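Descriptive structure summary
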Amino acid sequence: NAQPKSSLAEWMLSRLESGQAFPAFQDIEYSPLLVNDLGDLLLSLIDRDASGTFHVAGSEPLSKWDFARRLAGVFELSAAPIQPARATDVGLKAPRPRFLSLNVKKAEGFLGRPLPRVEEGLRRFRSLRERGTVSELKKMIQPER
């Protein structure tokens, strides 16, 4: 079942908009990708009869701290609420690997194009949000009351 849970970008954005301070890990690296882009890329792989294992993710690895700062930039918000943090210092309930990035070269070679960069995905996310698409999708998965 779909859950009405916020994505990391939505969670960070809500805090940036409210000015509420939040930690952003500088020691965890990942490859963020807008889910809409993921869907498009998976359809492209299916259309080309791809087989085997492909890593489909954003084309550039970065820390969650860097991601938060880029999110603030794309949405023209102050980055002041973003507090640099280290996952190793926070005492998370479950241990997290430090490097979550994926190597997307095989997918890029197969598709003949680079996978989206972070800024592209964030600009598309802003556009979808401004058009109300994100809110409409959230309404669709809200449980009946």
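For the structure given in this document, a descriptive report is provided here.

Reading guide: rules and limits
- Residues numbered from 1 in each chain as written.
- Predicted model: local features only at pLDDT ≥ 70, side-chain atom pairs only at ≥ 80, totals over all residues.
- Heavy atoms only, no water.
- Helix = DSSP H or I, 4+ residues; strand = E, 2+ residues; numbered from the N terminus.
- Expected span 1.5 Å × (residues − 1).
- Buried < 20%, exposed > 50% of the residue type's maximum accessible area, 1.4 Å probe, protein only.
- Arc of directions from axis to C-beta.
- Contact = heavy atoms within 4.5 Å.
- Phe/Tyr/Trp six-rings, centres within 6.5 Å; stacked < 30°, edge-to-face > 60°.
- Lys NZ or Arg CZ within 6 Å of the ring centre and 35° of its normal.
- Polar contact = N/O pair within 3.5 Å; in protein donor to acceptor, adjacent residues only side chain to side chain.
- 1 Å grid on protein atoms, 1.4 Å probe; cavity = no way out; pocket = protein on both sides within 12 Å on 5 of 7 lines; lining within 4 Å.
- Points joined across faces, edges and corners; volume = space filled by probe spheres on them.
- Nonpolar A, V, L, I, M, F, W, Y, C, P; charged D, E, K, R; others polar.

Points about helix H2 (residues 35–47)
For H2, which comprises 13 residues, the first-to-last C-alpha distance of 18 Å matches the rise-based estimate of 18 Å (1.5 Å per residue) to within 8%. All buried positions along H2 are accounted for by Asp37, Leu41, Ser44 and Leu45. Viewed end-on, H2 has its buried residues packed into an arc of 100°, placing them on one side of the element. Exposed side of H2, more than 90 degrees from the buried face: Val35, Leu43, Ile46 and Asp47 are the residues found there. The inward-facing, buried residues of H2 abut helix H5 (105–111) and helix H6 (118–130). At the C-terminal side of H2, aspartate 49 shows a positive phi close to 55°.

Notes on the packing of aromatic side chains
Per the stated rule, a full pass over the model turns up four aromatic pairs. With a centroid separation of 5.4 Å and 75° between ring planes, the pair formed by tryptophan 11 and phenylalanine 22 is classed as edge-to-face. Remark: phenylalanine 22 occurs in strand S1 (residues 22–25) and tryptophan 11 occurs in helix H1 (residues 8–18); sequence separation between them is 11 residues. Judged by its relative accessible area of 30%, tryptophan 11 falls in the partly exposed class. When the ring of tyrosine 30 is compared with that of phenylalanine 67, the centres are 5.9 Å apart and the planes differ by 70°; the resulting orientation is edge-to-face. Taken together, the residues tyrosine 30 in strand S2 (residues 29–30) and phenylalanine 67 in helix H3 (residues 64–74) connect sequence positions 37 residues apart. Phenylalanine 67 carries the same exposure label as tyrosine 30, and that label is buried. It is lysine 106 that lies over the ring of phenylalanine 54; its NZ or CZ is 4.6 Å from the centre.

Observations regarding unusual backbone geometry
Even without being glycine, aspartate 49 reaches a positive phi, approximately 55°. Within the element layout of this structure, aspartate 49 appears in the loop between H2 and strand S3 (62–63). A residue is classified by how much of its surface remains accessible, and aspartate 49, at 66% relative accessible area, is exposed.

Re the environment of glutamate 60
Position of glutamate 60 among the secondary structure elements: in the loop between H2 and S3. On the basis of relative accessible area, glutamate 60 is assigned to the buried category, the value being 8%. Taking the C-alpha atoms as reference points, glutamate 60 and glutamate 119, separated by 59 residues in sequence, lie 10.0 Å from one another. Aside from chain neighbours lying at most four places away, what touches glutamate 60 is Tyr30, Ser31, Pro32, Arg70, Arg117, Val118 and Glu119. Within the local environment of glutamate 60, its side chain forms a polar contact with the side chain of arginine 70, the two groups lying 2.9 Å apart.

Digging into the side chain of glutamate 108
In this fold, glutamate 108 is placed in helix H5. Not counting residues within four places of it along the chain, the set of residues in contact with glutamate 108 comprises Ser59, Arg113, Pro114 and Leu115.

Quick notes on the layout of surface pockets
Size it by volume and the second largest pocket reaches roughly 240 Å³. Contributing to the lining of the second largest pocket are Leu8, Trp11, Met12, Pro23, Ala24, Phe25, Ile28, Lys64, Leu92, Arg96 and Leu100. At the level of secondary structure, the elements contributing two or more residues to the lining of the second largest pocket comprise H1 and S1. A per-class count over the lining of the second largest pocket returns nine nonpolar, no polar and two charged.

Function cannot be inferred from these measures alone, as they are strictly geometric.
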